[in-house]
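Chains, contacts and geometry: an overview
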Amino acid sequence: MPVQPDRPDDGANRTPDRASQGAAPTVTDARPGRTGPGPLGPPPEPGLTRSEIAERVASGRTNDVPVRASRSVGQIIRGNVFTRINAMIAVLFAIIAVIGPVQDGLFAMVIVINTLIGIVQELRAKRTLDKLAIVNAARPRVVRDGVTVRVATQEIVLDEVLDVGLGDQIVVDGLVTWAGGLEVDESLLTGEADPVLKQPGDTVMSGSFVVAGSGRFRATKVGRHAYAARLAEEASRFSLVHSELRSGINRILTWITYALFPIGALLIYSQLFMGGHVTLDAPAAGGQISGPLADALRGMVAALVSMIPEGLILLTSIAFAVGVIRLGRYQCLVQELPAIEGLARVDVVCTDKTGTLTEAGMKLAEIRDLGGRAQDEGPSPSLVLAALAGSDPDHNASMAAIAQGFETAGVAAPDWPVTALAPFSSARKWSGASFLAPGGEEHWVLGAADVLSSPDAPAAAEAARLGAQGLRVLLLARASARVDSDDAPGDVRSVALVVLDQRVREDAGSTLDYFAGQGVDVKIVSGDHAASVGAVGRELDLPGAERPVDARDLSADADELAREVEERSAFGRVTPERKRDMVRGLRGRGHTVAMTGDGVNDVLALKEADIGVAMGSGSPASRSVAQLVLLDNRFAVLPRVVAEGRRVIGNIERVASLFLTKTVYTMTLAIIVGLLAVAYPFFPRHATLINAVTFGIPSFFLALAPNTDIAKPGFVMRTLRLAIPSGMVAGFAAVTTYLLVLGGRTVPDPADRTAVVITLCATTLWVLLLVAKPYVWWKVLMVCSMVGLLTLAMVTPLGRWFFDLDVSDPAKVLTGLAVAGVAIVAITVIRVVDDRWIARSEARAAEEAAREDAGRRTASSVQ
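Residues numbered from 1 in each chain as written. Predicted model: local features only at pLDDT ≥ 70, side-chain atom pairs only at ≥ 80, totals over all residues. Heavy atoms only, no water.

**A few points about the overall build of the protein chain**
- Regarding its fold elements, the protein chain presents 27 helices and 23 strands.
- Of all 863 residues assigned to the protein chain, the portion counted as buried reaches 57%.
- Partitioning the intrachain contacts of the protein chain with sequence separation of at least 6 by distance along the chain shows that 75% fall at a separation of at least 24. (Helix = DSSP H or I, 4+ residues; strand = E, 2+ residues; numbered from the N terminus. Buried < 20%, exposed > 50% of the residue type's maximum accessible area, 1.4 Å probe, protein only. Contact = heavy atoms within 4.5 Å.)

This is the structure:
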């Protein structure tokens, strides 16, 4: 089988047929040569008949493993309704429902609205994901009624005959019935990366994938009975893999939950025993219960409602859902939600060359005869190449270009019986065929010039020269041994160089420029000749591409390998195992790595990377292990994905800072009030007003706003570093205002409560302004609108009645504003000092890292 030697690609760049892109399941696979040449092709196979298939479907012997998809509608509803926060709110609302009045239960309506919004947004995201997942779904080839057709994975039944080739994933367990150099990689199941040669009668397992040759097998176990079915089912769901954002928020919520009980108990106790006695409550007009117990419960509810960051989980889910919808518009399928977050944290992108930075299709530019045969000796190089193309049962990008070139030129493949085939392998980087030509049996190989011949041979040198111009070059050579023998190819004689032209994508340069501007290193990791990789990198102005590295020359030591990969940017002749080791080494040095790939040779690296990005036209194996799939095969979409991830993370961090500031000031206020044994200054309706105008409403806008901040680790500590000091200052300010306006009393009047509301609103609106930087017109308008809503609530008769506010005492209003002014100054000073301290710490860390790196380089050069 001919090969694309300069890139161990395995055929992932084949132009996909419509069936693989989600067309009807009865499309016939009409590719020429699919049955193989002569006696080496699969024997005639009728497969199952329609009646046999119907009988197995009726008896439930189908491959009923769920496809990778979003949560069901029921799961979405349950996931948004039955949450820890909703349970807390429901208990607090039940208390208010008993003691009244209705205004104090307004916070429950906010939760209902939030839950409905969350459900609607996730349903929208589900529709987007399901549509894209249908396009991305693998459609294996099966033999039915003697015809090869494509079907959905779930339509496979027991005893089905499946036809597999390069890059295909084994979707059910089975026994091989025919093998044409079939090699299967079972590393995802066994951990062993060496391909396994399969012969008729051998077992193949679901979860493995074909890395060389082709074959057929009969399904022996389907559905949940298959070897990897349980693992596949778990991996194929719309999974929530590790997410620093989610785990950090869950950790914070756990801390808050533990704090609710002692603070609530303290408030109840202090409110009931103010003055050293307790009086029984009595029903008031309208069914409202009045008295110390009712007031204590209202105060407790007001405090605990404000402690609960009810909108944080909702806005996190909404931000992710909206991110999925936005990326779906660019034909980017997000198979795991945290991939959006993960790619935003990426600081190294490892990308393939062919099909990613260059156009997927290639063109046969030249066949350069090297004079490796006498005038009357053997067939011409063109005739041999035509024979190789005709014997190839599964064209990859290089062979497709060769076949297309001969078809355009009207050169027909000779009718030579094939005696042996050697499918392309990423490990050996060549393929070939043995023919019964007119002059006898001949053995021909096509592969990398520096692999089939000595690296300093004239053919290899000429191939390197052409590769440095950005061309792909293959060597056609006559071998001395049958291509399927153990010592193949034996001694080879160079006959011709096959030159293929490939063009750099128009948008590749701007994509690399974007990453450079965002502080993301790009490394080209390819199976091509290093000179060819460097040529493409130089054309794209990639720093370091002028010094490309042959991966075979990299150190075998893991630490040294990681250092070399970190320092250089263009790598050629990279095998699948080496590609995985390079990704692993970068991660070991503290980098967050994204790997883009489209071929079966990329699977190990995609699995190893923090974020795997597959091309939609790539092999089913690569698409199955990736977190993101670019369905339109455009590498230029990645900047949008990175930007979307940074928008989500940056905005959720802002929103978290706001909600946790509210939690901290409420805890501060509740503890001090409880210890002083004075009445809690708020009713739940006051807490609802404060939460709405300071954090609740603005957070919806901030969660969906543009944000280009570079994501950094340490979400929890960075969020608490703002929330704790700001919340404590706001809490102490509220207590100060409260004690000043109380004047020694223990029970406040509406004017006292209003003064505390003013202090908290003014202080927390300032925190909102600090978090909302940089300022744009709509943010200023948003804050002004919140001030306007608060003013309306205080000056209109309806607002004063509903929220029990009183601004008739100017002295108390001014007291609230004055204390807020002092708090604002304190928060600003703390923020400025903290920013400067962080800047100095980051600068010291960068200097220390630079010194350590310089020391490692010096030690390496000495060695």
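**Comments concerning the sheet that holds strand 14 (residues 430-437)**
- If you walk across this open sheet you meet the six strands as 12-17-16-15-14-13, and the pairing is antiparallel. The sheet is open, and its two edges are formed by strand 12 (363-369) and strand 13 (418-422), each paired on a single side. Neighbour-to-neighbour, the strand axes of the sheet open up by a mean angle of 20 degrees, direction not taken into account.
- Here strand 12 runs beside strand 17 (residues 492-501); their pairing, made up of six bridges, is antiparallel. Considered in strand 17, the bridge of R368 is made with L497.
- Relative to strand 17, helix 14 (residues 458-467) is tilted by about 5 degrees, and along the sheet it contacts strand 12, strand 16 (472-479) and strand 17. (Pairing = 2+ DSSP bridges. Axes fitted to C-alpha atoms, helices over the stretch in contact; angles between N-to-C directions.)

**A short note on the packing of aromatic side chains**
- Counting across every chain of the model gives six aromatic pairs.
- When the centroid spacing of 5.8 Å and the interplanar angle of 65 degrees are considered together, the rings of Y514 and F515 count as edge-to-face.
- Ring geometry for F802 and F803: centres 5.0 Å apart, planes at 75 degrees, overall edge-to-face.
- Linked through ring pairs, Y514, F515 and F635 together constitute an aromatic cluster.
- Above the face of the F683 ring, R753 is positioned so that its terminal group lies 4.1 Å from the ring centre. (Phe/Tyr/Trp six-rings, centres within 6.5 Å; stacked < 30°, edge-to-face > 60°. Lys NZ or Arg CZ within 6 Å of the ring centre and 35° of its normal.)

**Observations concerning the pairing of strand 18 (residues 521-525)**
- Of all five residues in strand 18, four are buried, a share of seventy percent or more.
- Direction of pairing for strand 11 (residues 348-351) relative to strand 18: parallel, over a ladder of four bridges. Its bridge partner being in strand 18, T351 is matched across the sheet by I524.
- Relative to strand 20 (residues 570-572), strand 18 runs parallel, the two sharing two bridges. Each residue of the ladder has a partner; that of V525, found in strand 20, is F571.

**Brief notes about helix 22 (residues 684-703)**
- The largest bend along helix 22 reaches roughly 55 degrees and is located at A692.
- Among the 20 residues of helix 22, 16 are classified as buried, and the element is accordingly described as predominantly covered. (Bend = angle between axes of the 7 residues up to and from the residue.)

**Notes on the pairing of strand 17**
- With seven of its ten residues buried, strand 17 lies for the most part within the structure.
- Here strand 16 pairs with strand 17 via eight bridges, running antiparallel. The partner of L475 across the bridge, within strand 17, is L497.

**Some thoughts on the packing of helix 7 (residues 244-272) against helix 8 (residues 292-307)**
- Between helix 7 and helix 8, the least distance of the axes is 9 Å, while the angle of their chain directions is 155 degrees. With respect to their mutual orientation, helix 7 and helix 8 come out roughly antiparallel. Considering only the axes of helix 7 and helix 8, their crossing is right-handed. Of the residues in helix 8, those touching helix 7 at I256, A259, L260, I263, G264, L267, I268, Q271 and L272 are P292, L293, A296, L297, G299, M300, A303, L304 and M307. (Parallel < 35°, antiparallel > 145°, perpendicular 65-115°, else oblique. Left-handed = near helix turned anticlockwise from the far one by under 90°.)

**Here we look at the sheet that holds strand 10 (residues 332-334)**
- Strand order in the open sheet formed by eight strands is 10-23-22-21-11-18-20-19, with mixed pairing between adjacent strands. Unpaired on one side and paired on the other, strand 10 and strand 19 (549-550) mark the two borders of the sheet.

**Re the packing of helix 3 (residues 84-99) against helix 8**
- Interaxial distance between helix 3 and helix 8 falls to 10 Å at its minimum, and their mutual angle equals 150 degrees. Taken together, the axis directions place helix 3 and helix 8 in an arrangement best described as roughly antiparallel. In the crossing of helix 3 with helix 8, the sense of the turn from one axis to the other is left-handed. Where helix 3 abuts helix 8, its residues L92, I95, I96 and I99 lie against A294, L297, R298, M300, V301, L304 and V305.
- Split into classes, the residues belonging to the contact of helix 3 with helix 8 amount to ten nonpolar, no polar and one charged. (Nonpolar A, V, L, I, M, F, W, Y, C, P; charged D, E, K, R; others polar.)

**Observations regarding a nonpolar patch on the surface**
- A grouping of M109, V112, I113, L116 and I117 is seen on the molecular surface, where their side chains present a nonpolar patch of about 430 Å² in accessible area.
- Along the chain, the position of M109 falls in helix 4 (residues 106-136).
- Residue M109 is classed as partly exposed on the basis of its relative accessible area of 48%. (Patch = residues over 30% accessible without salt bridge, like charges linked within 9 Å, V, L, I, M, F, W, Y side chains within 5 Å. Areas by Shrake-Rupley, 256 points an atom, 1.4 Å probe, with all protein chains shown as cover. Salt bridge = Lys/Arg side-chain N within 4 Å of Asp/Glu carboxyl O.)

**Some words on helix 14**
- Among all positions of helix 14, only A459, A460, E462, A463, L466 and G467 are buried. Viewed along the axis of helix 14, the buried residues span an arc of 165 degrees, placing them on a single side of the element.
- Looking at the packing, one finds that the buried side of helix 14 touches strand 12, helix 13 (449-452), strand 16, strand 17 and helix 16 (530-539). (Arc of directions from axis to C-beta.)

**Observations concerning the side chain of T153**
- On the secondary structure map, T153 appears in the loop between strand 2 (147-150) and strand 3 (161-164).
- Since its relative accessible area comes to 15%, T153 is described here as buried.
- When neighbours within four sequence positions are excluded, T153 is seen to be in contact with N63, A138, P140 and V171.

**With respect to a positive patch on the surface**
- Judged by side-chain charge, R124, R127, K131 and R329 come together as a positively charged surface patch.
- Secondary-structure assignment places K131 in helix 4.
- Classification of K131 as exposed rests on a relative accessible area of 59%. (Lys, Arg positive; Asp, Glu negative; His and termini not counted. Charge placed at Lys NZ, Arg CZ, Asp CG, Glu CD.)

**Comments concerning empty space enclosed by the protein**
- Under the definition given, this model contains three cavities of 30 Å³ or more.
- Residue lining of the second largest cavity: A302, S306, Y665, T666, L669, Y680, F682, A687, I690, N691 and L760, and that is the complete set. (1 Å grid on protein atoms, 1.4 Å probe; cavity = no way out; pocket = protein on both sides within 12 Å on 5 of 7 lines; lining within 4 Å. Points joined across faces, edges and corners; volume = space filled by probe spheres on them.)

**Observations concerning the side chain of R141**
- As for its placement among the helices and strands, R141 is situated in strand 1 (residues 141-144).
- The exposure class of R141 is buried, given its relative accessible area of 3%.
- Only 2.9 Å separates the side chain of R141 from the side chain of D168, close enough to count as a polar contact. (Polar contact = N/O pair within 3.5 Å; in protein donor to acceptor, adjacent residues only side chain to side chain.)

**A word on unusual backbone geometry**
- A cis amide bond, omega -5 degrees, links K773 with the succeeding residue P774.
- Its identity is not glycine, yet D804 carries a phi of approximately 55 degrees, on the positive side.
- Tracing the backbone shows D804 in the loop between helix 26 (797-803) and helix 27 (810-862).
- For D804, a relative accessible area of 22% corresponds to the partly exposed category.

**A look at the environment of E644**
- Assignment of secondary structure puts E644 in helix 21 (residues 638-676).
- Taking relative accessible area as the criterion, E644 reaches 8% and is therefore assigned buried.
- Taking the C-alpha atoms as reference, E644 lies 6.2 Å from G323; in sequence the two are 321 residues apart.
- If sequence neighbours within four positions are ignored, E644 has contacts with V322, G323, R326, L327 and I340.

**Here's the deal with the pattern of salt bridges**
- As enumerated under the stated definition, the model contains 33 salt bridges in all.
- Measuring nitrogen to oxygen at the nearest pair gives 3.7 Å for the salt bridge that ties E55 to R56.
- For R56, a relative accessible area of 11% corresponds to the buried category.
- A salt bridge links R482 to E441; the shortest N-O distance between them is 3.3 Å. Taken as a pair, R482 in the loop between strand 16 and strand 17 and E441 in strand 15 (residues 440-447) lie far apart in primary sequence, 41 residues in all.

**Describing the nonpolar core**
- If you look at the biggest cluster of nonpolar residues, it comprises 137 residues, and the most contacted ones within it are L343, L628, Y680 and F682.
- The element best represented in this core is helix 21, accounting for 15 residues.
- When sequence neighbours within four positions are dropped, the list of residues in contact with F682 reads G299, A302, L669, I690, R753, V756, V757 and L760.
- Ranked by size, the runner-up nonpolar core spans 27 residues in total, among them M362, A386, A401 and W416. (Core = buried A, V, L, I, M, F, W, Y, C linked by side-chain atoms within 4.5 Å.)

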